[in-house]
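Structural features, examined
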Amino acid sequence: MKDPDETLRLTLASGLLEEEGEVIRFRHDLFADFFAADQLLADHPDSSGLRKALARPIHAELAEFVVGGSATAEVLDAVLDGASTGLLEACLRGVCGTRARRAVLDRYQALFDRLDAKYAALRFELPAQFHETGVLANLEWVVDEKHLLSDQDVVLLKTLPVATRHGLLPDILTMIRRVSVSLNIEAERLRQANPSLRLRWETAVQSEVYGLSFTAAGQDFQDLFQATKLSLFRRQDSDGVYPLFVAAAEAPRILDYGEMFFLFEGMSGFDDFESPPPSNLIELVQRAWDSRIYHLQLLATDIVVRLGSRLTDERRLALGEVVETWFSNSNAWLNGSVFDALRAIDCLEETFDVDTVAERFEAAVALPDTPEARQEALTLYGHTIDHPYDHIFSEAFSEKLTAEQRRVIHERAFGAADVFSMFKAFLASELFTDPAPSAIEVLRTAVGPPMVETHSIQDSVSIFVHAIGALARLEAGLPTRADLPSSPAQAWNVAGDLVYEMNRSSPSEPAMRAAWERLEALGATLAVDVIIKISEDRGYFCKADVAIYDRFADGVLRLSRTVLDEDYEPQLLFDRFDRIREGSLRHRRFALEMIALGGRSSDLRLVRGWLDDPRLGPIALETARQLEARPSGLDPSPEALR
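So, here's what we can say about the structure. (Residues numbered from 1 in each chain as written. Predicted model: local features only at pLDDT ≥ 70, side-chain atom pairs only at ≥ 80, totals over all residues. Heavy atoms only, no water.)

The next thing to look at is the overall build of the protein chain. Counting secondary structure elements, the protein chain contains 33 helices and four strands. Here the C-alpha coordinates of the protein chain stretch approximately 95 × 75 × 50 Å along the principal axes. Put simply, of all contacts in the protein chain between residues at least 6 apart along the chain, 71% involve residues at least 24 apart. Carbon and sulfur atoms provide 52% of the accessible area of the protein chain, an area that totals close to 31,100 Å². In the protein chain, the 67 positive side-chain charges and the 102 negative ones have mean positions that sit 2 Å from each other. (Helix = DSSP H or I, 4+ residues; strand = E, 2+ residues; numbered from the N terminus. Contact = heavy atoms within 4.5 Å. Areas by Shrake-Rupley, 256 points an atom, 1.4 Å probe, with all protein chains shown as cover. Lys, Arg positive; Asp, Glu negative; His and termini not counted. Charge placed at Lys NZ, Arg CZ, Asp CG, Glu CD.)

Following this line, the structure appears as structure tokens:
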């Protein structure tokens, strides 16, 4: 055996390693990954062991090397069976070798065959309530379990949009056409089986498959279309994809509705490009509208919004004439989308002017302050944000009304009884920006724990924060709130005290510290969820000071360490929402993020316990790396904690 010192000297001389003080590391992470992957293959010659090893998040970064180094088809298949979206895309790009790329392409073709078989065997039935009500809200799916997609099939399905960059767009469209043929056959079967029912069976069947389905078996194309829009937003490597979608849309044949869904979703991912839309855009959107498939009609208006303005003036005006015909007396929601489409292509006829709208605002201000007057103020204010002519309402509100008139509208609208209005969060922000003593009464109605029965947690928290912040700026004090010991509501009340102190015109450090200590004393199970939700609001349109981390990083870290205990279980105010969103998972992600930002090397013990967790492992790994890179005993600076 060679002398170890000589081996080390030769290894350092190879250029693969570098020495920094007492630490020796690979000069580049790729070298480390290569040798680690080689060792992983040597340690796990059997495919099942290798699959389990790669399932560990700490080995995830080695997957591309392992795929490229797989000696047999069995090993390659074992690795690809659990492949992530990123690994599949790497294989398509060819970075894992031609054999891996071919294997992934073969898997896509097998997926197409399974989808073809599933929808060829699919049957629909009329729901039982149809015979009682005569209303057909949806069809019932009848699917043999053997045709349901596996979890790995679903992963493949969601990477199909990425595959369009690698030559698979024609194959995807062919697969959709084959499915549509099967759907049309099923629609004809239903027509013959129900001769007394005069229904558009093709529309009903294709709406179930390509539109919105409420059955687990019917999510395939919803997953595909959603992934298409989202994946094509990665524009840095997608410049060549948009022309492929345009060329497919311009094909000299009639596209079926499923193809239109896919192509529309794909093209909508490029709405900030300047490339021209398909030359047959007008014909395409009209065909989509004529389908009477609700979600395809919505997509048609969306495509007009995103691409219509790029047409020549002559074609744009012609498109406007077509879209004008889409208004109906039966669907107000679709009419709203039609308005948006016409406005986007500058074809919306102005039916009233700014002065007329200003008169409506002035009349609302002149009313006595009653519940009805407050609702009218809320309605008019909402029109400045969401209305076919919101630009006119906004101009009238901003330019024609006096500051005093705007104040009355803001305060009355905020005090309206419609607690579910999506505009209340905007109003709270306005009242925070320019608070007046006359608003104190309505602001105090919103400073208890945030409203739980809400369409948006973010809006509910924003109203809470801005109302308290506005009272702080007015030095108006908070109203007496019920003492609710050891409850999520009490945690929000204490957090409200902290937000109040942080937003006073001359904040008191001792008062802020005292409020924080009361919140921390409640413990992680109550305090952390409040901190997360208030701090998340900071990243949206929050104008109030909610920089809790900046001031109390040491306390946040103490709470974060508790969150990483295995038996940690939070108490949640928004329990109905957060159980679905897995509140404890979000809390642990937050805790790992905080420890990565400001933890000590001694926190590695806590972090290591989550390295093999399927969902938290990647962030735990990154946190561990940051802690290991931090010199022992060196605490991060206050600036790093911000």
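Right, let's get into unusual backbone geometry. Look at Arg292: it is not a glycine, yet its phi comes out positive at around 65°. Assignment of secondary structure puts Arg292 in the loop between α15 (281-290) and α16 (294-307). According to the relative accessible area criterion, Arg292 is exposed, its value standing at 54%. Phi at Glu475 takes a positive value of approximately 55°, unusual for a residue other than glycine. For Glu475, the location among the structural elements is in the loop between α25 (457-473) and α26 (488-503). (Buried < 20%, exposed > 50% of the residue type's maximum accessible area, 1.4 Å probe, protein only.)

Now for helix α21 (residues 390-400). Residues of α21 that are buried include every one of Asp390, Ile392, Phe393, Ala396 and Phe397, and no others. End-on, the buried residues of α21 take up no more than an arc of 165°, which puts them together on one face. Considering only its buried residues, α21 is in contact with α18 (332-344), α19 (354-366), α20 (371-383) and α22 (403-414). (Arc of directions from axis to C-beta.)

Tallying each qualifying case throughout the model produces 33 salt bridges. With a shortest N-O distance of 2.7 Å, Arg558 and Glu520 are connected by a salt bridge. Of this pair, Arg558 sits in helix α29 (residues 548-563) while Glu520 sits in helix α27 (residues 509-521), placing them 38 residues apart in sequence. Residue Arg558 is classed as partly exposed on the basis of its relative accessible area, which comes to 39%. The residue Arg561 makes a salt bridge to Asp603 at a minimum N-O spacing of 2.7 Å. Remark: Asp603 occurs in the loop between α31 (583-598) and α32 (604-608) and Arg561 occurs in helix α29; sequence separation between them is 42 residues. (Salt bridge = Lys/Arg side-chain N within 4 Å of Asp/Glu carboxyl O.)

Before going further, it helps to spend a moment on the side chain of Asp459. By the secondary structure assignment, Asp459 is in helix α25. An unpaired buried charge is present at Asp459: no salt bridge exists, and Lys424, the closest side chain of opposite charge, is 11 Å distant.

Once that is clear, we can look at the nonpolar core. Generally speaking, nonpolar side chains in soluble globular proteins are found buried as a group. Grouped together as the largest cluster of nonpolar side chains are 192 residues, with contacts concentrated most on Phe221, Phe262, Phe264 and Ile534. Here this core gets 10 residues from one element, more than from any other, and that element is α25. With sequence-adjacent residues up to four places away left out, Phe264 is seen in contact with Leu284, Val285, Ala288, Leu296, Leu299, Ala300 and Ile303. (Core = buried A, V, L, I, M, F, W, Y, C linked by side-chain atoms within 4.5 Å.)

We now examine the environment of Val155. Structurally, Val155 can be placed in helix α9 (residues 151-163). On a C-alpha basis, the gap between Val155 and Ala83 in space is 8.3 Å, while along the polypeptide they are 72 residues apart. Those residues in contact with Val155, other than ones at most four positions away along the chain, are Ala83, Thr85 and Leu88.

By themselves, these figures tell us nothing about what the structure is for.
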